[in-house]
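# Descriptive structure summary
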Amino acid sequence: MKRGFIFLFCLCCAAALNAEEAADDFGFDSEAESGSAFSIDIGGKLSLGGSFYFNDFKTFKDVQPGSLVEGKLHVHATAPMTEAYFGVKLNGKTLAPLLGKEQDVFPKSPQIAPWIDEAYLKILFSSVVITGGIQKMNWGRAENLSVLDIVNPRDKTDLTLMYAPQEMKIARPLISATVYLPHDLKLEGVYLPVFEGNRIVTGKTDRWYSQQFDRIWGNSASVFHKPATNTLAYSQGGGRLTAAVGGKHDFGIQYFYGRLPELAFETLFPTTFTGLYNPYHHIGIDYGVGLGPVSLSAEFAANITSDLSGNNPSVYNPSLAWNIGAVYSAPLGFTVSLTATENIRLHHNRSAAQINDVEYGKKATDTKLAFSVSQTLLRNSLEWKLGAIVGLEDADFCIMPGIHWQLATLLIDCNVGIFGGKKTGNFGQFSRNSFIRLTLAYEF
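This one's a predicted model, so the numbers in the text were calculated from it and none came from an experiment.

Our next topic: the overall build of the protein chain. What the protein chain contains, in helices and strands, is four helices and 23 strands. Counting only residues that meet the buried cut, the protein chain has 41% of its 444 residues in that class. Taking contacts inside the protein chain between residues at least 6 apart in sequence as the whole, the part at least 24 apart equals 60%.

Written out as structure tokens, the structure is:
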């Protein structure tokens, strides 16, 4: 993997040298020659600030503010038939982790260094694009709570990024191919040679620890045997076909075979657990349509595990999931969106009766409603937004207001996250983690 990074770095350096040589021509070359030259873009964002938790102000002298410096840097090189991208993340976990409070997380040593955002190489052959490297992919059509966007796992160790779900994705080593076909058809294929699941907090007293894993890390993490997933035995892949009809209707169908990113476990003794990642088949379809200022979308997915009868305590039950959403572009710069999503666990009664089942204590359905309203002002330089997600079964919620103000290359951001409801809910359990995130950034 390190050799791949060195290759990408060398490619970007070569692109920079070619771009510099092209700049020395003072524009005397022909248009055809200049159009075939390499080009390189170096940019990013550097910000001052961070997240501050309401609960910390009770004991303000014990607050550990972290590095207070964050950012993203990238190098993007293009050529007539190739394109290379290398991006890094700078934050409290990658830039200066010892300044803030450390967390116990799983896996302790991720396969990809957390400071790498994405690093990939694209090769373009007419209507075919082949990509290889470390990348984030977007599948599905829903803007919020998609049930089809399943290629990348999520980093759940910092939920202050819920307002920017793309930032919570973990880039993975993959090879993908996109083929643009006649009649507005597009075929995508992806192959991931190794696997890694969602990144989670394991320290029970640490921030963003989920009570879902009380039975493992609530007792002793030393008796947990982790799975080795960096082998071809954990390789996965799939494909997606999309079509546009009449310039208004969009259809999609996809299939993926891989591993569920949620950690499962097998109980060997009352306090001894072996970690597992269940293999599964994913089948999904989606539809989108634009009706004037309104955009509608719908998704449906079937996630089929090997526990077809619901009686294997170490395997998640098969499930069905759906998502419907509407986005309305209103006058005066307003945008309103509403999304409903649900996951339906099959054979729930069988798994609920076994105390050592990985889904013991869960409900048969998990239904969420998401709502947001935003407005852009001052020639789109100022935007305010109010978003909320409500869990119906758990009677809990997360409210996320925010303001984004851009003054030329200077950005001012303020985002708030307020968690509440039942303490046993997915959101309510984090009521002590309500926060305000303030950043002053320079974009270049």
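Moving on from the coordinates now.
This next bit is on the pattern of salt bridges. Within this structure, the stated rule accounts for 15 salt bridges. Among the salt bridges present, the one from E167 reaches K72, with a minimum N-O distance of 3.1 Å. Taken together, the positions of E167 in the loop between β6 (128-135) and β7 (172-181) and K72 in strand β2 (residues 69-78) put the pair 95 residues apart, joining distant regions of the chain. Residues K136 and D117 are paired through a salt bridge, measuring 3.1 Å at the closest nitrogen-oxygen approach. Separated by 19 residues along the polypeptide, K136 in the loop between β6 and β7 and D117 in strand β5 (residues 116-125) bring together distant segments of the chain. Of the two residues examined, K136 and D117, each falls in the buried class. Because the salt bridges share partners, they merge into one network encompassing K72, D117, K136 and E167.

So, on to the packing of aromatic side chains. Following the criterion strictly, the structure yields 15 aromatic pairs and no others. Summarising the aromatic geometry, the rings of F195 and Y234 are spaced 6.2 Å apart at their centres and angled 25° between planes, so their arrangement reads as stacked. Placement of the pair is F195 in the loop between β8 (185-192) and β9 (200-201) and Y234 in the loop between β10 (224-225) and β11 (236-245), with a sequence separation of 39 residues. Take F195 and Y234: they sit in the same class, and that class is buried. Relative to F273, the ring of F265 has its centre 5.5 Å away and its plane inclined at 90°; by these criteria the two rings are edge-to-face.

Right, let's get into the environment of P182. Structurally, P182 is set in the loop between β7 and β8. On a C-alpha basis, the gap between P182 and A243 in space is 9.9 Å, while along the polypeptide they are 61 residues apart.

Glancing now at the sheet that holds β10. Pairing is mixed across the open sheet formed by three strands, whose spatial order is β10-β14-β13. A strand with exactly one partner marks an edge of an open sheet, and here the two such strands are β10 and β13 (264-269). As paired elements, β10 and strand β14 (residues 272-276) share two bridges and run parallel to each other. When the sheet's bridge partners are listed, F224 is paired in β14 with F273.

Let us look at the pairing of strand β16 (residues 294-305). Of the strand pairs in this sheet, strand β15 (residues 279-291) and β16 are connected by twelve bridges, and their pairing is antiparallel. Looking across to β16, one finds that H281 is bridged to I304. What sits between β15 and β16 in their antiparallel hairpin is a turn of two residues, with G292 showing a positive phi close to 65°. Pairing between β16 and strand β17 (residues 319-329): ten bridges, direction antiparallel. Its bridge partner being in β17, S297 is matched across the sheet by G325.

Turning to unusual backbone geometry, a few remarks are in order. Following F106, the chain continues into P107 via a peptide bond in cis, with omega recorded as -5°. Counting through the fold element by element, P107 comes out in the loop between β4 (105-106) and β5. In the Ramachandran plot, H183 falls in the positive-phi region, its phi being about 65° despite a non-glycine side chain. Take H183: its relative accessible area is 73%, and that puts it in the exposed class. Even without a glycine there, the phi angle at D184 is positive, about 60°. Within the secondary structure, D184 is located in the loop between β7 and β8. Using a relative accessible area of 56% as the deciding quantity, one classes D184 as exposed.

Inspection of the sheet shows β7 paired to β8 by seven bridges, in the antiparallel sense. Bridging from a neighbouring strand, S176 pairs with V190 of β8. Linkage of β7 to β8, two consecutive antiparallel strands, is achieved through a turn of three residues, within which H183 is found at a positive phi near 65°. Judged from the eight bridges that link them, β8 and β11 form a sheet pairing that is antiparallel. Looking at the pairing, G189 lines up with G239 of β11.

Moving on, we get to the confidence of the model for the protein chain. Should pLDDT be low for a region, the predicted coordinates there are not to be read in detail. Per-residue confidence for the protein chain gives a mean pLDDT of 86, with 86% of residues at or over 70. Per-residue pLDDT, averaged within each element of the protein chain, yields its smallest value for helix α1 (residues 2-23) (40) and its largest for β8 (98). Scored below 50 in pLDDT, residues 1-35 shows 25 contacts in the model against residues more than four places distant or in partner chains.

What follows concerns the side chain of E359. For E359, the location among the structural elements is in the loop between α4 (348-352) and β19 (365-377). Overall, the relative accessible area of 4% leaves E359 in the buried class. Here the side chain of E359 touches R345 through a polar contact of 2.6 Å, side chain to side chain. Not counting chain neighbours up to four residues away, the residues in contact with E359 comprise V315, Y316, N317 and R345.

Calculation criteria
- Residues numbered from 1 in each chain as written.
- Predicted model: local features only at pLDDT ≥ 70, side-chain atom pairs only at ≥ 80, totals over all residues.
- Heavy atoms only, no water.
- Helix = DSSP H or I, 4+ residues; strand = E, 2+ residues; numbered from the N terminus.
- Buried < 20%, exposed > 50% of the residue type's maximum accessible area, 1.4 Å probe, protein only.
- Contact = heavy atoms within 4.5 Å.
- Salt bridge = Lys/Arg side-chain N within 4 Å of Asp/Glu carboxyl O.
- Phe/Tyr/Trp six-rings, centres within 6.5 Å; stacked < 30°, edge-to-face > 60°.
- Pairing = 2+ DSSP bridges.
- pLDDT = per-residue confidence, 0-100.
- Polar contact = N/O pair within 3.5 Å; in protein donor to acceptor, adjacent residues only side chain to side chain.

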